[in-house]
Every structure is written in C-alpha cells, then in structure tokens.
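One-letter residues, chain by chain:
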Amino acid sequence: MNAKLAAAIGWLAGAAILAALSLTLTGYHADLFRKLLLTATLAVGYNFQFGFAGQIAFSHYAFYGIGAYAITILSTRFGLALPVAALATIGLSALLALMVAIPANRLEGFYIALATLAFAQLFVVVMVQGGDFTGGPDGLFGFDAPTIFGARLAGANFMLVVSALFLANLALFAALGRSWFGRACRAVRDDPEAAAAMGVDVARTRIAVFTLTSSLAAVAGMAYAFADNFVNPFVFGIDAMFVLLFMVLIGGAGRHAGAVVGCVFLFMLPEYLGDLVGRFHLLAYGILMVVVMMFLPNGIIGLWDRLAKRLRPEPAR
Amino acid sequence: MTDLLELAVSILEAGGIYALMALAYLVVLRPTGIINFAVGEWATLASFFSVATLGWWNLPYIPGAVLALAGVAAIGALTEQATVRPMIERGAPILTPILILLGMVVVYREAAALGFGTQNLRVPPPLGFGRIDLGPIAIPMQSAVVIAVSGIMLAGTWAFFERTIWGKAFQAVAIDRVAAGLMGINLRLVAAFSFAGGAAIAGTAGVLQAPLTSAHYLMGLPLAIKGFSALVIGGVGRVEGCILGGLVLAACERLVMRYAPIPSGFAIGVPLLLMILFLLVRPTGLIGARGRT
Amino acid sequence: MSGTGGRTLLTVRGLAKRFGGLVAVDDVDFDLDDGEILGIIGPNGAGKTTTFNLIAGALRADAGSIRLRDAEIAGLPAHKVAARGILRTFQHNRPFKGMNVLENLLVGAHRRVRARPWAAALGLPSARREDAALAAAARETLAFVGLGDHAASDVSKLSFGQGRLLECARALMGEPAIILFDEPAAGLTSVEAERLGGVIRGIAARGIAVLLIEHDMRFLLPLAHRVVVLDRGAKIADGTPAAISREPAVIEAYLGRHAGAAA
Ligand SMILES: Nc1ncnc2c1ncn2[C@@H]1O[C@H](COP(=O)(O)OP(=O)(O)OP(=O)(O)O)[C@@H](O)[C@H]1O
Ligand SMILES: [Mg+2]
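Residues numbered from 1 in each chain as written. Chains lettered and ligands numbered in written order. Predicted model: local features only at pLDDT ≥ 70, side-chain atom pairs only at ≥ 80, totals over all residues. Heavy atoms only, no water.

*Asks:* Account for the overall build of chain B, with residues named and values stated.
*Replies:* Within chain B, the secondary structure is distributed over eleven helices and two strands. Walking chain B from its N terminus toward its C terminus, one meets helices and strands in the order α-α-α-α-β-β-α-α-α-α-α-α-α. Relative to its length of 293 residues, chain B is compact, with a C-alpha radius of gyration of 19 Å against a globular reference of 19 Å. Principal-axis analysis of the C-alpha atoms places the extent of chain B at approximately 60 × 45 × 35 Å. Within chain B, buried positions represent 55% of all 293 residues. Of the contacts made within chain B by residues no fewer than 6 positions apart, 75% connect residues no fewer than 24 positions apart. Of the roughly 11,800 Å² that chain B leaves accessible, carbon and sulfur atoms contribute 70%. Taking the average place of the 17 positive charges on the side chains of chain B and the average place of its 12 negative ones, the gap between the two points comes to 7 Å. (Helix = DSSP H or I, 4+ residues; strand = E, 2+ residues; numbered from the N terminus. Rg over C-alpha atoms; globule rule 2.2 N^0.38 Å. Buried < 20%, exposed > 50% of the residue type's maximum accessible area, 1.4 Å probe, protein only. Contact = heavy atoms within 4.5 Å. Areas by Shrake-Rupley, 256 points an atom, 1.4 Å probe, with all protein chains shown as cover. Lys, Arg positive; Asp, Glu negative; His and termini not counted. Charge placed at Lys NZ, Arg CZ, Asp CG, Glu CD.)

Below, the structure is given as structure tokens:
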C-alpha cells in the first residue's frame, strides 16, 4: 500500500511540475521544453522497442516524421477536421508499421536494423522528392495551429498537451513493462527460443511491440507538427535516430528512467557546452556513447543504482 | 551504341566503388561477426587524408594515396584495439561492439569535420582530367583509374582469400572461431588485421571517389548504405558476391537514372529499395555464403 | 507396460528426424502415462535431445506422430506446444539473463496468464491482481525447489546447481501436464543431485508426467518408473529400470561402454 501511495504521489508531483513549467516558460525556454518533452516521449517508446524487446530498428524517427507529415497533409491539404485527421494518421502509421514489422520479423538480428534503416532513408527521399505535395526539401510550413474545444493549440496549451502526452506514454510503457507483456518482451530479447518454450509467441510479440511503439512515435510526430507549425524532411533523418539510440544507451537501455535521464542529459548538453563545443556537440555525443558502452554497460541509471545501493544497504527482506 | 558503352563504363566505375565498400564490410564481418557501419567514415577519412597528402603536401600520387590508406588502416586497427577487443575479451554480447562502432561513426565523422571543415575539398585526380580515346567512346581518365584500381584491389583480395595461407586462416576463423583458435590461428591478429584491411579497402573507395565528387564530411553514409546494399544483393560471404552485388546495384541505379520516368532524386532510393527487396525475398543474396557466417 | 497404471498422456509413434545424411532419431515409439517418470537414456549423440526438441516443437519431425491426449501436436510451433502444457528445461541452463529469478519464473507462467494486453497496458486492477497471484505462486514454487531466498536475485548470482533448479522452477510455473528434463543432474554435486531428485519426485507426486533424459544411471534408475533406451537414434529397449539394466543389448550399447569409460 505504501509503495502504491508513493508511486501515486510521484506521478502527481511529476504532472504538477510539468504543468507549472508549461504555464510559466516562455520564449526560448518554452521551445526547449516542448522539444525536450517530445524527444523524451520518443525515447521512452524507443526504449521499449530496443531496451525491452531487443529490436534494433532505425525507423523510430521515420514514424515520428510520418505522423508529422500525415497530420499536416491531411488537415491542410485535405481539410480534414483535426480529430479525423489524427485518427487517420494513427491508422496509417499503424498500417505502415505492420507492413514493416511483419516482413522484418523474418530477418535476424542486425539485419532488421538495416532494413529499417533503408525504410527510414526511403521516407526522407520520398519527402524530399514529393514536390508540392510534401513541400520537397523545404518541407511544409505556414499552416495554422489547430483549435480543439475552442482552445488554440499553441503556447501554454500546446505545452500542456505535450506534457500529458509524455506522461501518458511513460505511464503506458511503465505499466506494460511491469506486466506479463513486458516480461514476455524481455524474454524474447534475452533468448527467443527459451521464450517460445515457455509459450511466448515470439513473432507476435515482436510485431505487436514494433507496431505499438512506432504508432506512438507517429502520435508524438503529430504533436511535433504543431510545435513550430513546420515540418522538414531532414529533421527525421538518420542523425536524429542515432542520437535517440545514444540517449537510450547512455541513460540505460531497458529502464524507463534511463531513457528519460539519457534524453534530458543529451538534450541539455549542448546548452551547457554552448560556445565551447559549438556545432560539434555530436562529437561529444559519439564519444560519450562509446565511453558509456565500454565502461557503464547499464548506463547512467546503472551507475545511479550502484551508488544508491552503496549509500543505503538493502533492508532485510 | 556510344550511349550504351558510356553507360557500361559508368556502371563499372560506380560498381567498382560499391563493391569495394561491400568488401570492406565483409572483411570485418567474416572473421569477427561484427557488422561495422563505420566503413563509410573510413572512406571519408581516407579521402580527407588524400586531400592532405596530395592537395596540401603535393606528394606524388602513389605515395600520397598509399600514405592516406596507411593512415586509415592504422585508425581501423587502433579502433579495434581500443574499443572492440576489450569488449570481446570481457565476453560482452556481439551487439556491444556493433553499437560502439555505431558511436564511432559519429566520432569519426565529426572529428573529420572538425579537422577538415564542412566544405567540399577538391582532390587532384592522378592522371588529370583528360579522356582516353577508345574508338567509339572517350572514357574520362578518372573513370579508367577507378575501374582499374578497384578491379586490381578486388582481384587482389580474392587472391588473398583463395590462394594464400593467411587468407585461409581468415576463412577458418569465419567458419569456426573456436576450432580456428585451437588450430593455432592467432585470433587477435586476425581481428586487428581485418579491421586494418577493411579500413584500407573502404579507404580506397574513398580515395577513388574523392576526385569525382570532392571530399566532404558527409560522404560516408551514402557509401556505407550502397556498400551494404551491394553486400546484401551479392550475398554475405564471398568476394565474388561483393563484385556482383556492386555491379548489379550500379546497373540498376544508372539504368533507372537514365531511362525511368521518375525524378532523378528518386534514384537515391534505388539501393534502398533493392536492399529491402533482397532482404525480404532472397536474404542469402545472389551468391550464397560459404560455411557458417 | 505402464509403470504407474495411469492413462496414456503422450503417445509417440514412428518419430524420425535426419540432419543431412545423419539419422538423429529413427522410428521411435513410446508412451508416457499420467504421473509417470519416464527415463530416456542413451550414449552421447543417441538422439535424446533431438527427441525432446521434436516433442517441444523446437524442431520439425520428418515423420511420425506425437499425440497429447489424442490431439496431434507434431508440427506445432514451440509456443503452441508449450501452451498445450508441455514445458521443458534445456540441457544447458538458459535463464533470461536480463531478469531476476522471480521474473524468470513469471515468464514460465506465461501460459496461465488470462489478462488481455490492453488490461496490462492500462495497468487495470484485474491484471494487477493476476500478476500478484502469479508472483505469490512463483514464491511458493521457489520455496518448493529450494530457492526461496533468491526471488530478487540476479540470475547471474546463482550457482550452476541453483541455475538448474531455476530451470525446473520456471517450467513448473506453467502448471504443465508434462515436463521435459534434459540431463538435469549433469554437472551437479551429489548433494545437489539428491535435492534435484527429490524435486523431480515431488513434481511427479503433483500428478505431472515427467520425461527425463539422463546420463547418470545412479541418478536415473531409482527415480524412473520406466526407461526407454536410445542408441544411434533408434529405440533398443523399453521397460522398468530393473528390466532394462539386465537387457544385454543395453549393457552392450550403453551401460558397458559407458561404465567402462567412466570407471
Ligand atoms: N541442429 C543439428 N544439426 C545437425 N546435427 C545435429 C543437430 N542437432 C543434433 N545433431 C546431431 O544429431 C545427433 C543426435 O544429437 P542429440 O543432441 O539428440 O544427442 P543426445 O542424445 O542428446 O546426446 P548428448 O548425450 O550428448 O546430449 C548427434 O550426432 C548430433 O551431432
Ligand atoms: Mg543431449
């Protein structure tokens, strides 16, 4: 009962902090905040796909882009009402995710990474070459922030929505991760044959995880489209995908807190390195990633666990 | 007719470079089991090194190119020593070095940008910008160089694997690591050598490409993707597969660019589509592997 | 022929598997009754593990039928065989390394889970209650095999023998009709082997049929109700432990050679 209460208080406190930040931050900091939340939402989902289910796919940012492009095109070009456009976007991205997941499931190990990398690159190529329909290399911009229930989704409203989206993703993946489904995922990751011997349908588990996480990436992408009312193909390229992978690995793959910590850490790093490293923050990311993989295989969160254990010896159970 | 011959030359030229990139993957993958995405950045580094040796220091072409390749080979071997070997010795899963090398992709690339800048740097071609007159067509000199050098390199690697005791040792390690180790093959040496060799081969592709397109810090990823597509198309296993894959890929790409009624930008998607198609329909490629991979 | 006089649970007929030119399992027949411990012995490479893999669906048989209470299960994929109540251990311990001991057991309980995926995703009370009930069952099972103190341990912290017990406990968590044990006593100290023998007896006493591959005759003979002997893929004897240890073909093919080598 105590643990449950503590968890509830934790969630409420988190929600309160995010709400307070949404209502107070302005200008540059507001921009940083909402992009950070969107990236963290992606990181939590990617961590489930990669850290929990062990799928090394490079298509997460592509689905983010699919969500952003689809909602923009459906609502501006086809003039669909926002809820309709949103549902259609989710349906479309789930369908695409299934179309990638079912054949990719037959591939072994790192070949999934390559097939999904090719898919992600193709997405960028198609968006760049899509002419007026996709806005080509310039992307789509200048469309209006949507209005729901009379509230314009901009400024603090938008940040509240993104905060809720992040918390909902975190809560969903936390619940899933704790449940039999999360255990089945981790079993499939650790030893697919042994998992099957326990009755886990390996193919179905993999396909379900990929479809769910990819669709939720597309949902985050829908929100992204209205962060600046601007979508551009190069935002969804392979560099962003690598950084997302680095975030999860540096924070600690397979742990929700790890994904969030890694995301905040890498996201904020350039702010502090600032002029010192200039545009070469990617170099810092790469070096950090290599060093963490070599010396902290469980990431920052693993280090934290070790410290916490040392400070507070485990009570007798 | 002239048209077709020119097309054939451009296919051989691009195919040679793609085949070299595929081979760079293979040389590392076979003995170590590591899919190494950093091959593209090795090509980048070598082409920047050639900017230094040929453009800045004005060395004669052959010593300059060899020096650039030696540099990148040393970087390959050092990377293996510093990041891959400790993980293998620690008994980490094979995914760990693969991910570390993914991190190294970014490290190499950004370091190259830091050292050489983000602009295009021209590299002087070894035999100038002239053309060789071959009756119906005149081949650009650099195309001839690319075809000749990549052909020699591919044939040389093939001969190494098929005809020398060292090459046999590589094959033995690829087929059964443990047994090869017991037979007295020095696994560490093979791993270091495979990284150095892979870097030199990818570097050759970079040095050949540089005079055509200039050296640029982002040139690695497209090469890495094309090399991988060629590898998958040809089949992960043999030098012949790399060559065939490189040529098939180049042929598809050039034919689409020339004849297909689509915007030329879509041609970039051809290797991606071909790779996906082969992964799904024929994952063993055109020429299957030999032994276990 | 049956050791316990129970109903026949598993019927294997004409089972065959070849790998290239090698006939690993050659026209094997046997029955397994309710609550029975059936031993399978045979020299190295006799086809014991392959037989298990065929039953468990990890490999596809070239010929033959495997019936679980009159339902044909040959050709089903591994997870469907497990779902029908046949769970296995592996000859070499294969714990899920990224999970603690308790979580490993809960994966074993996969076939008992009734909560729907969306209930799990939303953390609905029904799903949480089921989870808590399974966790309680897992703690009991851990106590039963003697790992009661290790619920929260990392699997890497377990000794080899404890790893074996974990394999047993994980399979047991699925409340199977049949458990397949592949050389569970190999590599154990005699004390550990004795404890494991007790656990296996306890499993049979719960009414679970046990198919037990074992090399070590001293471990197997007191435990098994009946023994099938394989040699080069084929069944060469089938009977009570006492009967098969008198069978000349067995002594020649297995006991003689093995005892000679081990002496
Ligand atoms: N996947 C496989 N591919 C090829 N041959 C195999 C395969 N699995 C087993 N074999 C061969 O089939 C034969 C039977 O092997 P199996 O593992 O069933 O023997 P076993 O009776 O379990 O032996 P052990 O006592 O050593 O565990 C052996 O010769 C083995 O080499
Ligand atoms: Mg065996």
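Next comes the rest of the write-up.
*Asks:* So what's going on with the interface of chain C and chain A? Residues and values would help.
*Replies:* At the junction of the two partners, chain C supplies 30 residues and chain A supplies 24 residues. Between chain C and chain A, a total of about 2,400 Å² is buried, with carbon and sulfur atoms accounting for 62% of that surface. If you sort the residues of chain C by the area they bury against chain A, His79, Phe96 and His110 of chain C come out on top, with a joint share of 23%. Here chain C and chain A share four salt bridges between them. Where Glu193 of chain A meets Arg94 of chain C, a salt bridge forms, and the shortest distance between an N and an O atom there is 3.3 Å. Run the count over chain C and chain A and you get eight residue pairs in polar contact (both at pLDDT 80 or more). Elements represented by at least two residues in the side of chain C that touches chain A include exactly helix 2 (78–83), strand 6 (86–88), helix 3 (101–108), helix 4 (117–121) and helix 5 (125–145) of chain C. Take the side of chain C that touches chain A: its biggest share by element is four residues, from helix 3 of chain C. Taken together, the residues of the side of chain C that touches chain A break down into 16 nonpolar, five polar and nine charged. (Buried area = accessible area lost by both parts, 1.4 Å probe. Salt bridge = Lys/Arg side-chain N within 4 Å of Asp/Glu carboxyl O. Polar contact = N/O pair within 3.5 Å; in protein donor to acceptor, adjacent residues only side chain to side chain. Nonpolar A, V, L, I, M, F, W, Y, C, P; charged D, E, K, R; others polar.)

*Asks:* So what's going on with the pattern of salt bridges? Which residues, and what values?
*Replies:* Under the defined criterion, the tally for this structure stands at 25 salt bridges over all chains. Between Glu89 of chain B and Arg188 of chain B there is a salt bridge, with its nearest N and O atoms 2.7 Å apart. Taken together, the residues span a long stretch of sequence, with Glu89 of chain B in helix 3 (residues 61–90) and Arg188 of chain B in helix 8 (residues 187–213) at a distance of 99 residues. Note on Arg188 of chain B: relative accessible area 48%, which makes it partly exposed. Where Glu167 of chain C meets Arg170 of chain C, a salt bridge forms, and the shortest distance between an N and an O atom there is 3.3 Å. Here the residue Glu167 of chain C and the residue Arg170 of chain C both occupy positions in helix 6 (residues 160–172), the gap between them amounting to three residues, near one helical turn. Residue classification places Arg170 of chain C among the buried residues on the basis of a relative accessible area of 1%. Connected through shared salt-bridge partners, Asp31, Arg34, Lys35 and Asp228 of chain A make up one network.

*Asks:* Account for the sheet that holds strand 4 (residues 63–68) of chain C, with residues named and values stated.
*Replies:* Residues and elements named next belong to chain C. Read across the sheet, four strands follow the order 2-1-4-5 without closing on themselves; strand pairing throughout is antiparallel. Here the strands that pair on one side only, and so sit at the sheet edges, are strand 2 (22–33) and strand 5 (71–72). Examined bridge by bridge, strand 4 and strand 5 share two bridges and lie antiparallel to one another. Looking at the pairing, Leu68 lines up with Ala71 of strand 5. Here helix 1 (residues 48–56) sits on the sheet and contacts strand 1 (8–19), strand 2 and strand 4; the angle it forms with strand 1, its principal contact strand, is near 115 degrees. (Pairing = 2+ DSSP bridges. Axes fitted to C-alpha atoms, helices over the stretch in contact; angles between N-to-C directions.)

*Asks:* Before we move on, could you go through the domain arrangement of chain A and cite the residues and values that matter?
*Replies:* All names here are of chain A. When its domains are assigned, chain A resolves into domain 1 (3–235) and domain 2 (237–311). Placing a centre on the C-alpha atoms of domain 1 and another on those of domain 2 gives a separation of 20 Å. With 31 residues of domain 1 at the interface, the matching set in domain 2 holds 22 residues. Both faces considered, domain 1 and domain 2 share a buried interface measuring about 2,100 Å² in area, 81% of it formed by carbon and sulfur atoms. In terms of surface lost to domain 2, no three residues of domain 1 exceed Leu36, Asn47 and Tyr61, which account for 25% of the buried area on that side. Remark: the boundary between domain 1 and domain 2 carries zero salt bridges. Its residues placed into classes, the side of domain 1 that touches domain 2 shows 23 nonpolar, seven polar and one charged. (Domains from an automatic or database assignment.)

*Asks:* Got a sec to walk through the interface of chain B and chain A? Specific residues and values, please.
*Replies:* By a frequent convention, interface size equals the accessible area lost on bringing the separate parts together. The interface is formed by 40 residues belonging to chain B together with 35 residues belonging to chain A. Regarding the contact of chain B and chain A, the summed buried area is about 3,300 Å², with carbon and sulfur atoms giving 82% of it. The interface formed by chain B and chain A contains one salt bridge. One salt bridge in this structure joins Asp239 of chain A and Arg109 of chain B, with 2.9 Å as the shortest N-O distance.

*Asks:* Outline the site of ligand 1, supporting the account with residue identities and numerical values.
*Replies:* Residue and element names in this part refer to chain C. The environment of ligand 1 is formed by 14 residues, the closest being Asn44, Gly45, Lys48, Thr49 and Thr50. In the model, an oxygen atom of ligand 1 is placed 2.5 Å from a nitrogen or oxygen of the Thr50 side chain. Out of a free accessible area of 630 Å², ligand 1 has 62% covered by protein chains. Among the secondary structure elements, those contributing two or more residues to the shell around ligand 1 are strand 2 and helix 1. In terms of residue count, helix 1 provides more of the shell around ligand 1 than any other element does, three residues in total. When its residues are assigned to classes, the shell around ligand 1 shows five nonpolar, seven polar and two charged. (Near = heavy atom within 4 Å.)

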